[in-house]
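Per-entry structural report
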Amino acid sequence: MAKQEKKEPAINKVTYTDERLAKLGISAEMNRIYIVENDPAQVNGTKLVPHVVFQDVPEGMKIIVYDLDRHLINYSNKKTVIKESGHEVQVDGSRFKKSFAMTRLREPIIKDGDV
């Protein structure tokens, strides 16, 4: 007969992000913003999609960045291409853009007394 393992009940862990948001008084409803995204099916070609502003990640807390018009700030890696004429040109490394985000570290990195 195989030995049965006792399973621990799932415990709701309070994450770093939960702690920070509680200190700031930000509820789950306040932590959501509607971002403009492309949608060809819509009359004006865009739609509003809900996004979570502060998200828990292993390093700490991820914070999405958007502009005043509710568009995510996107970027792509640049690479240098040398043309036949000898000029260096910066071009997008990918046609797929990534959304820019900041990360508040759970454990800040301190160098020479500065955070």
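This report concerns the structure included in the present document. Everything numeric in this text was worked out from a predicted model, so none of it was measured. (Residues numbered from 1 in each chain as written. Predicted model: local features only at pLDDT ≥ 70, side-chain atom pairs only at ≥ 80, totals over all residues. Heavy atoms only, no water.)

**Things to note about the environment of Met 102**
Structurally, the position occupied by Met 102 is in strand 9 (residues 101-105). As for Met 102 and Val 65, which are separated by 37 residues in sequence, their C-alpha atoms are 7.3 Å apart. With near-sequence residues (within four places) excluded, Met 102 lies in contact with Met 61, Lys 62, Ile 63 and Val 65. (Helix = DSSP H or I, 4+ residues; strand = E, 2+ residues; numbered from the N terminus. Contact = heavy atoms within 4.5 Å.)

**A few points about the nonpolar core**
Membership of the largest hydrophobic core is limited to seven residues, which are Tyr 16, Ile 33, Ile 35, Val 53, Met 61, Ile 63 and Ile 64. When residues of this core are traced back to their parent elements, those giving at least two are strand 1 (32-38) and strand 4 (60-64). If one sorts the elements of this core by residue count, strand 4 sits on top with three residues. Apart from residues lying up to four places away in sequence, Val 53 is in contact with Asn 31, Ile 33, Lys 62, Ile 63 and Ile 64. (Core = buried A, V, L, I, M, F, W, Y, C linked by side-chain atoms within 4.5 Å. Buried < 20%, exposed > 50% of the residue type's maximum accessible area, 1.4 Å probe, protein only.)

**A look at the environment of Ile 35**
Mapping Ile 35 onto the fold places it in strand 1. Non-local contacts of Ile 35, meaning those with residues more than four positions away in its chain, are made with Lys 47, Leu 48, Val 49, His 51, Tyr 66, Arg 70, His 71 and Leu 72.

**Comments concerning the pairing of strand 4**
The element strand 4 is extensively covered by neighbouring structure, given that four of its five residues are classed as buried. Pairing analysis gives four bridges linking strand 3 (residues 54-57) to strand 4, with the strands arranged antiparallel. Residue pairing across strands places Val 57 opposite Gly 60, the latter belonging to strand 4. In this antiparallel pair of consecutive strands, strand 3 and strand 4, the connection spans two residues. (Pairing = 2+ DSSP bridges.)

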